[in-house]
Each structure stands twice: as C-alpha cells, then as structure tokens.
Amino acid sequence: MSQLLNIVQATFCLNKLRFYDGPKFLQQKSCSYLGNYAQLQKYQGLQVQLSLQGMVVVRVECLFRCKACLCSGEELDAFPHIQTLRKFPKEELDAKVVLVRFDSAILFREEQEQQSKLVSNALFTIKYLYESGAKVVLASDWCTKSNPKLIHAESAADFLSSILKCRVVPMCSISCHTPSKREGLEKADILLLENLSEFKEEVANCSKFAQLLSWGIDIFVNDSFSLSHKILASTVGVARFCHSCVAGFHFEESLCQLKKVAETRGNSYVALIGGGNLSQKAAALHFLASRCDGLVFIGKMSFQIMHALGLSVPLDLVEYGALNEALDIVQIAYNRNTQILYPKDFWCKNDCFPGKLELFPSNGILDGWVPVDLGPVSLDEINSLLTKCEKVLWIGPLKFSDSNQHTNGASPLTQMLDILCQRKCDLTVVGSMAQMKKSSSDSGFNMLVNASVVWEFLKGRKLPGVMALDRAYPFEINWNATYCDPTQPLVVDIGSGNGLFIMGMARKRTDLNFLGLEINEKLTRHCVASVQRSGIKNGYFIATNATSTFRSIVSSYPGDLVLVSIQCPNPDFNKPEHRWRMLQRTLVEAVVDLLTSDGKVFLQSDIEAVAIRMREQFLKYGKGKLSVVHDQGDTKSREGWLEENPFGVRSDWEQHVIYRGAPMYRLMLSKSTSIE
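Residues numbered from 1 in each chain as written. Predicted model: local features only at pLDDT ≥ 70, side-chain atom pairs only at ≥ 80, totals over all residues. Heavy atoms only, no water.

- The protein is annotated in an unreviewed UniProt entry as Phosphoglycerate kinase of Carya illinoinensis.

1. So, the sheet that holds strand β16 (residues 357–361)
Here's step 1: The strand order across the open sheet formed by three strands is β16-β15-β17, and the pairing between neighbours is antiparallel. Strand pairing shows two members of the sheet lacking a second neighbour, β16 and β17 (370–374), which therefore form its edges. In this sheet, adjacent strand axes meet at a mean angle of 45 degrees when their direction is disregarded.
Here's step 2: Alignment of strand β15 (residues 345–349) against β17, held across four bridges, turns out to be antiparallel. From the neighbouring strand, W347 faces β17, where its bridge partner is D373. (Pairing = 2+ DSSP bridges. Helix = DSSP H or I, 4+ residues; strand = E, 2+ residues; numbered from the N terminus. Axes fitted to C-alpha atoms, helices over the stretch in contact; angles between N-to-C directions.)

2. Details of the pairing of strand β24 (residues 561–567)
Here's step 1: Counting buried positions over the seven residues of β24 gives six, a clear majority of the element.
Here's step 2: Looking at chain direction, strand β21 (residues 490–494) and β24 are connected through five bridges and run parallel. Within β24, the position partnered with V491 by the bridge is L563.
Here's step 3: Relative to strand β25 (residues 595–605), β24 runs parallel, the two sharing six bridges. Each residue of the ladder has a partner; that of Q567, found in β25, is Q604. (Buried < 20%, exposed > 50% of the residue type's maximum accessible area, 1.4 Å probe, protein only.)

3. Some words on the side chain of D470
Here's step 1: Along the chain, the position of D470 falls in the loop between α16 (464–467) and α17 (479–482).
Here's step 2: For D470, the side chain forms a polar contact with the main-chain nitrogen of C245, separated by 2.8 Å. (Polar contact = N/O pair within 3.5 Å; in protein donor to acceptor, adjacent residues only side chain to side chain.)

4. Some details on helix α15 (residues 451–458)
Here's step 1: Where burial is concerned, most of α15 is hidden: six out of the eight residues are buried.
Here's step 2: Among all positions of α15, only V453, V454, W455, E456, F457 and L458 are buried.
Here's step 3: Near the N-terminus of α15, the side chain that reaches the backbone nitrogen of S452, with its oxygen 2.8 Å away, is that of N450.

5. Focus on the packing of aromatic side chains
Here's step 1: Taken as a whole and judged by the stated rule, the model has 17 aromatic pairs.
Here's step 2: Arranged with centres 5.1 Å apart and planes meeting at 90 degrees, the rings of W479 and Y557 form a pair that is edge-to-face. One end of the pair, W479, is in helix α17; the other, Y557, is in the loop between α20 (546–554) and β24, with 78 residues separating them in the sequence. In this structure, W479 and Y557 share a single accessibility class: buried.
Here's step 3: Grouping aromatic residues by their ring pairs yields a cluster made of F102, F108, W142 and F159.
Here's step 4: Directly above the aromatic system of F353 lies the positively charged group of K356, at a separation of 5.4 Å from the ring centroid.
Here's step 5: Sitting over the face of the ring of Y269, K391 holds its NZ or CZ atom 4.6 Å from the ring centroid. (Phe/Tyr/Trp six-rings, centres within 6.5 Å; stacked < 30°, edge-to-face > 60°. Lys NZ or Arg CZ within 6 Å of the ring centre and 35° of its normal.)

6. Some details on helix α13 (residues 376–386)
Here's step 1: Taken together, the buried positions of α13 are S378, L379, E381, I382, L385 and L386. Buried positions in α13, seen along its axis, are confined to an arc of 165 degrees and lie on one side of it. (Arc of directions from axis to C-beta.)

7. Focus on the pattern of salt bridges
Here's step 1: A complete count under the given rule lists 18 salt bridges for this structure.
Here's step 2: Between K96 and E92 there is a salt bridge; the shortest N-O distance is 3.6 Å. Per residue, the accessibility class of K96 equals that of E92, and both read buried.
Here's step 3: Across the pair K356 and E358 runs a salt bridge whose closest N-O atoms are separated by 3.4 Å.
Here's step 4: Classification of E358 by relative accessible area gives partly exposed; the value is 28%.
Here's step 5: Taken together, the shared-partner salt bridges in this structure form one network comprising E92, K96, R551, D593 and K623. (Salt bridge = Lys/Arg side-chain N within 4 Å of Asp/Glu carboxyl O.)

What follows is the structure, given as structure tokens:
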C-alpha cells in the first residue's frame, strides 16, 4: 500500500530512530501521534507501523528522497570569490566617482550601539573611500519605522552628516528620462541620492533606471549585504554599467560570517532553529541536518517535527503539507546520527483566562490553550546540550504563533549563549533578534542581520547581489612550484583556448615563463595535462575569468610582466552591452598597471570590428601610457594592421582562419612611461 489518505485517529510508530531526549541518548522505539488526518508516502529505510482502531496493522516501506546536492556541500564550492574594497588598489580610488549602496537598516537605526560592529564597518566603507580621494555617491532605500525623523532626503542627509562627521548633501533630481545632475559633488563631501523605495523601477531592476543610477559612476561598492538575496537595480542592475564592482567592508565581513555558518571543521555544531514555514525552508533544514551534530527546534517548526515523530500536536499548529518534508529531515538526521531536540513543555495561554499562564507537556496541550514560551524542562535540556557545544547557530525567532511577538524564554537562552561565548564558543545569531542583547563584554557573537539571506544561502541558491560583483582569484599561487625559475619575465595569454600559442612559445623561448588564463575549465584541464605530458617547465594554465582576476593573479608574480596577448576573443563577449565581456576597463587598467616599462600588448582578431574595439579600449583606458607600434621587426604593416604574426607561433583559431584564407587584424601596443 503506497498511500493512505484521510485516516481517522491514526497512530504512527517510528522505529529505528535515535534522538537526544534529555541529558542522555535514548533509543526511542515508538512515538505516537493522535490526530484527525494523516498522509503517508513511501520512504526507504524508515519503517512506519500504522495501527488503526479496529483495523489491521500495515507496514509501509518508504522511499526517502534525499537532497543529495545540498548534503554533499557542492553548492559551497560554487560560492564565488569576489573583489573587495579592502584588496582594491587604494591609488585607483583617487578622483574616481564611487557609488555606495549602503544598508539603511544599519546606518539609520536610532539605537546604533546595539550593533556597533555592524555600524563601524558600514561607516568605515564610506569614510575610507572619502579619505582616499574618491567622490562618493550614496544610495539606499529607507522607511521611517527604524527612524521616524528620516521622512525626507534632507533629514537623511543631515543624519548621515552627523555620524560621518562630514557634509552630506541630498540630491533630489532622479528622473527616469534624464541623467542626474551631480554637480553637488563639487560643493559637498558626499552626495546622497533620493530614497530608492519611492521608485518602482528599483524593485523591478529596470535597466534604464540602473543606468541612470550609474551615470557618471566609475566604481560600484555594494555594502548592503542584507539585500543580496534580492534582484534590485541598485545592487544588481548597476553592476552592468560600472567598470569595477566590489564589496564594501560590511559586505565582506557579513559574507565571511555567512561562509562560517556552513563550516564544521570537526567542532561540535548545534543549530537553534526558530520560526515557522518548514516546507519553504526544507532544503535549508536538509543542509543543516547534513552539517550539524544537533538540531534544536525552538519555534513553530518544532510542532512539525513532533508531528513527524508521532507526538500529539494541536491541529491548528500543524503546517499543512509539511509532513513529508519533516519526515525527510528526520530521516537525514537518523542517517547521520544527528541529534534532534524539541521542546518537552510549554507555557500556554487561553483567551478565556487573560493574564493566566499554564504549564503543559508538549504532547498534552489542551484545547483552547496556545503555547507562548518554552517551559523549564525544555530550557534545562537545551542548556544541557549547549554546554557541550563548540559552535552554535541561532536562526529564527522563539515564536509559536503570529500573535505573540516576544517570549520570556529568549532571555534564558540569551544568558546560556552569553556564558558559552565567554567560554570561546563560536556563536552566530541570524536575524534582527530583538530579544537578543549584547553582553557587557561586547565580544560575544557574530550577527547576520537579515535571516532571509541566510535561508536562501542554506537552500543552495546563489545570491544575486553577490554574483553581480567582480570575481577574485581565490587562491595564492606558489610560483616557485609553478615554474623552475619564477624570476624570468612573464608572458600572459588571456583567453588561451586550447593552449597552442602558450605551449608553442614555451618551447621556443625557454628564457621566458608563459601563463594562459582561460575561463573554460575543461580546456584548462586539457592544457595542464598537455604541459605535464610534454615536460614543459615554463608554461602553466589557470581556469579563471581574467577580466576580474588578472590583477590579483599577476600582481603576485615575482618577475616582470613583459607581454600580454588577447587573441581572437569571442565577438559576442565583446559587445558593449554584454555584462561579462572580456575587454573591460578593469582589465585594461590592470594590464597597464602591471606591465613593465617597454612591455607589449598584442591584440588580434579575424573580425575587424572586434580588433578596432580592442584597440580603442586600450588607448582610451591605458592612462596615456600605451602607443601603437606600427612596425615590428620584419613584419610589414597593412592599413595600420600587422601583416604577419610577429612571434611565428599561431593560436588554434588563428590557424583555422589562415587555413581558410581569411585575413587577421593584428596590432602591437607598447608601454612607455614618457608618453603624456
């Protein structure tokens, strides 16, 4: 029998499940649920014995649907390494116009001392840019709930001026049809745009509105991590129109805290899980069950877990359609021997007896009584478990219904966790957690303001606000292990493809080192294997998006960068409207900065328009240090283009073009510090 529907007075008996039920482990052989309706589906490895009043006992073997991709942690491997303001060249900020998307929930909160670390990081981003000589433009959305005084942009600018200790001037001329006039930057230290919550184009991620926000902007700094799960014009759309997109200090710190949530490192890790909507958060709970050593349910979700375990639960507290997901979580926990702890007693209220609280066991709450807080037995069991932990995550409020906003149980939990922090326990608190107060030591725990961001991350979903930022190469390269002599001059081929140019040049010029940067990981693995088979000692390949990682990779090389080549890039990726086009201002400036004096840039394409665009980009953003070399040795020039390949080694696509008799458009640029 695969499915039984509308079973009256059914009793579930779950065998082979072991949970933490108090101070010691117990082998729980049976749990009963007494309810009006139940729905069973097949789960493998979990025997469910169904006992009906006046009916025979049926055993149902069930098929367990494990979310393998989440449990394996593969989504963490895909978590991008982004460019940060901390690692961005400070000298590149001077005289640049920088748009900062700040978090109004942090900076506009009246009681900022409760989040001093968050506030200091957010303020430091703005002050750092201003003190570096940048022209700063601030943008955010805000409401009057956090601070009733901020009704108009003028009052918001005055408030920011008071906490930044420098003049902030509001700009009240955003129009979706005409570019913003920002002459105020000449008269003010910092400019504040209008409240973005007043524009529907912000939430719609309108391309024209994003282009309007980024008009005249050189660098975009996202410091609003709490909105990174949303697709907004001011966090995602503007990244398309700014040549550099980096994370601010607060964003970087919050991202580090988010990554720590998923790390285990052998520590005893327990998650305190509050709130409700288990079915919507099931994927995240699967992930936590696969990573944590214990799950402690303290909110409305605890009733769904008790429901899955067969305990009697008031029907109005059972989430419709969440039983199967709850059983999944139970099965994952059982497979990993993960402890599950749920409340054993509750303080409850009854509208018929206002002001009166009664204590009930979790499986014996009478009709008319609604749980509002954890009971003493529950708090003792939680304390017994937490004292053995080295790492704790608290996500979701201690709340059992939509009506009760605060509970007294949060205060004892806070005291428990404060003691753990003093014992060097790694504690992360997610959400605003109004009931959570910092200790006098001011060093207790890490905080992530927006719980929605964390839930989305735990579900394995990519955060749009993070994905929109420029990438950084995540590893430090050991150049001594890469090349026999890392002091030799370096040649870099961007978009190295099959690697024929790099390997051919490496054989021809053993006095140079060669590096291929290719975004296609499969091609890169093939090239690395070819280098190893051929015994080449001065050639290497890295799989990366060189557009954003070129500086971080090449800047650590101990020798001189003498040549950079870009050969036959994909035309589609060089269209100005393409977000991830290869040749952007960021790459050009990085190449010019790192190239040694008299170093060369070799560009070629079989499409003249692409070659012209590359030449224009390098001359436009080359800081006046690049000039076209018309004659290269014995190579003749044809209408400004080099007739022959000056190196005598062709790339794979160049060979294909030459074989079919089509022309190649080549040019060489040279760097000279004497050019004005």
